[in-house]
Amino acid sequence: MKITILGCGGSAGVPMIGGEEGTDTGIWGVCDPANPKNHRLRSSIVIEHEGFRLLVDSGPDIRQQMLANGLTHIDAVFYTHAHSDHIGGLDELRAVNRVIGRPIPLLATADVLAELRQRFDYAFRPWEGGTFYRPSFDVQEIPDHGPIKIGPLEGHVFPQKHGWTTSLGIRFGSFAYCTDVESFPEEAQAMLHGLSCWVVGCFQREAHPSHGWLGRVMEWRQQFQPQSTILTHMGPDMDYGALCQTLPEDVRPAWDGMVLAA
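Computed from a predicted structure; not experimentally measured. (Residues numbered from 1 in each chain as written. Predicted model: local features only at pLDDT ≥ 70, side-chain atom pairs only at ≥ 80, totals over all residues. Heavy atoms only, no water.)

1. Describing the sheet that holds strand 9 (residues 165-172)
Just so we agree on the cut-off: Pairing between two strands is assigned when DSSP locates at least 2 bridges connecting them. A helix here means a DSSP run of H or I that spans at least four residues, while a strand means a run of E at least two residues long, and both kinds are numbered starting from the N terminus. Axes here refer to lines fitted to C-alpha atoms; in helices the fit is confined to the stretch in contact. Angles between the N-to-C directions go from 0 to 180 degrees. We call two residues contacting when some pair of their heavy atoms lies within 4.5 Å.
Taken in spatial order, the seven strands of this open sheet run 7-8-9-10-11-12-13, and their pairing is mixed. Each having just a single partner strand, strand 7 (146-150) and strand 13 (251-253) make up the two edges of the open sheet. Averaged over all pairs of adjacent strands, the angle between strand axes in this sheet comes to 25 degrees, irrespective of strand direction. In this structure, strand 7 lies alongside strand 8 (residues 153-162), joined through five bridges in antiparallel fashion. What sits directly across from Lys 149, in strand 8, is Glu 154. Contacting strand 11 (197-201), strand 12 (229-232) and strand 13, helix 6 (residues 214-224) runs over the sheet at an angle of about 155 degrees to strand 11.

As structure tokens, then:
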């Protein structure tokens, strides 16, 4: 199984909009702008297995991310939750419809589907054949906890606490992806043992009300003991070089375009 990190930034990316008026420097926080691994688009991954390609979330940078990684298509899309930095690029998937010539299987919980239909109502009208002037989907409602099968991928989804709302984690084999999470309910914790590779959200160094932070992620690492922990959904407080110098060898910050095997 191959996992490509399309983006590993927080909801505003790195750099964030702002900085000195009249310049294009943006707000970098402590991140060194000279290091390309500090340039972070919004968080998303692609999982590939036996020729099948699953996109997890399609944020507002999805067009740029697919082009940067040489991806011409996906076979299905899975949504972890309905925040804009994870769904804002949904309309861009009409280009994928044109490539594959059919609606894209879309998997999400009932609550997420309700949000998607409200924000992108035109995209959920029945496809009647012909050209794809808008995206089109084969909608598949999924539970927030339990086994899941997507093409040749078989695994489990589980709920995560994300501040005042929830998100979904997903596990296939010994790989798990847990973005936008600040704590795990008991049923989720049972899914996080025996991992060879864990990609987990870690927004900043200090405590945060709705996202994992460095101290908490290190506590999770001790609790679940994955072989490798990869940090994602990082904000401007998380400089790539400084993290690499201070973290244990089995914990590494992600970077846009990073490829993992599991």
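2. Brief notes about the UniProt feature "domain: Metallo-beta-lactamase" (unreviewed entry) in the chain
What counts is decided by this rule: UniProt positions are given in the numbering used here, feature names are shortened, and annotations may be inferred rather than shown by experiment.
Listed under "domain: Metallo-beta-lactamase" (unreviewed entry) in the UniProt record, and renumbered for this structure, are residues 41-211. When the span residues 41-211 is considered, its composition is 19% helix and 33% strand, and the gap between its end C-alpha atoms is 17 Å.

3. Section: the pattern of salt bridges
Selection rule: Only one rule defines a salt bridge in this text: a Lys or Arg side-chain nitrogen within 4 Å of an Asp or Glu carboxyl oxygen. Think of it in three bands: residues with accessible area under 20% of the maximum for their type are buried, residues over 50% are exposed, and the middle band is partly exposed, with areas taken using a 1.4 Å probe on protein chains only.
The tally for this structure, following the rule as stated, stands at 10 salt bridges. The shortest N-O distance in the salt bridge between Arg 119 and Glu 115 comes to 3.1 Å. Taken as a pair, Arg 119 and Glu 115 lie in helix 4 (residues 110-119) at a separation of four residues, close to a single helical turn. Here Arg 119 falls in the partly exposed class, since its relative accessible area comes to 37%. A salt bridge links Arg 221 to Asp 250, with the nearest nitrogen and oxygen atoms 2.8 Å apart. You can see Arg 221 sitting in helix 6 and its partner Asp 250 sitting in the loop between helix 7 (240-246) and strand 13, a full 29 residues away along the chain. Salt bridges linked by common partners bring Lys 2, Glu 48 and Arg 53 together as one network.

4. With respect to the sheet that holds strand 1 (residues 2-7)
Ordered by their spatial adjacency, seven strands build an open sheet running 6-5-4-3-2-1-14, and the pairing between neighbours is mixed. With partners counted over all chains shown, the strands left at the sheet margins are strand 6 (137-141) and strand 14 (259-261), one partner each. Here the strands of the sheet are splayed against their neighbours by 25 degrees on average, with no regard to which way each runs. Relative to strand 14, strand 1 runs antiparallel, the two being bridged by three bridges. Counted as the bridge partner of Lys 2 is Ala 261 from strand 14. Those strands touched by helix 4 are strand 5 (104-108) and strand 6, and its axis lies near 125 degrees from that of strand 5.

5. Observations concerning the packing of aromatic side chains
The line we're drawing: Two aromatic rings from Phe, Tyr or Trp, using only the six-membered ring of Trp, form a pair when their centres are within 6.5 Å; if the ring planes differ by under 30 degrees the pair is stacked, by over 60 it is edge-to-face, and anything between is tilted. Both a distance and an angle decide whether a charge sits over a ring: NZ of Lys or CZ of Arg must be within 6 Å of the ring centre and within 35 degrees of the ring normal.
A complete count under the given rule lists seven aromatic pairs for this structure. When the centroid spacing of 6.1 Å and the interplanar angle of 45 degrees are considered together, the rings of Phe 184 and Trp 198 count as tilted. On the criterion of sequence distance, the pair formed by Phe 184 in the loop between strand 10 (175-178) and helix 5 (186-189) and Trp 198 in strand 11 is long-range, its members being 14 residues apart. Phe 184 sits in the buried class, given a relative accessible area of 8%. Note on Phe 184 and Phe 224: the rings are 6.1 Å apart at their centroids and 85 degrees apart in plane angle, and the pair reads as edge-to-face. Residue Phe 184 is located in the loop between strand 10 and helix 5, and its partner Phe 224 is located in helix 6; the two are separated by 40 residues in the primary sequence. Classification of Phe 224 by relative accessible area gives buried; the value is 3%. Three or more aromatic residues link up through ring pairs in this structure, and these residues are Phe 184, Trp 198, Trp 220 and Phe 224. Its guanidinium or amino end placed over the ring of Trp 255, Lys 37 lies 4.6 Å from that ring's centre, counting from NZ or CZ.

6. Examining the side chain of Arg 134
Selection rule: For the charge count, each Lys or Arg is scored as positive and each Asp or Glu as negative, with His and the chain ends excluded. Pairs of N or O atoms within 3.5 Å make up the polar contacts considered here, provided that, within protein, one atom can donate a hydrogen while the other can accept it, and that residues adjacent in sequence are counted only when both atoms are side-chain atoms.
Mapped onto the elements, Arg 134 comes out in the loop between helix 4 and strand 6. Here Arg 134 occupies a buried position and makes no salt bridge, while the nearest side chain of opposite charge, Glu 128, is found at 6.8 Å. Polar side-chain contacts of Arg 134 include one of 3.3 Å to the backbone oxygen of Arg 125. A distance of 3.1 Å separates the side chain of Arg 134 from the backbone oxygen of Pro 126, its partner in a polar contact. Discounting residues that sit within four places of it in the chain, Arg 134 has contacts with Arg 94, Asn 97, Tyr 122, Ala 123, Arg 125, Pro 126 and Trp 127.

7. Notes on the pairing of strand 11
Burial runs high along strand 11: five of the five residues are buried. Taken together, the four bridges between strand 10 and strand 11 define a ladder with parallel strand orientation. Each residue of the ladder has a partner; that of Ala 176, found in strand 11, is Trp 198. Direction of pairing for strand 11 relative to strand 12: parallel, over a ladder of four bridges. Along strand 12, the bridge assignment pairs Gly 201 with Thr 232.

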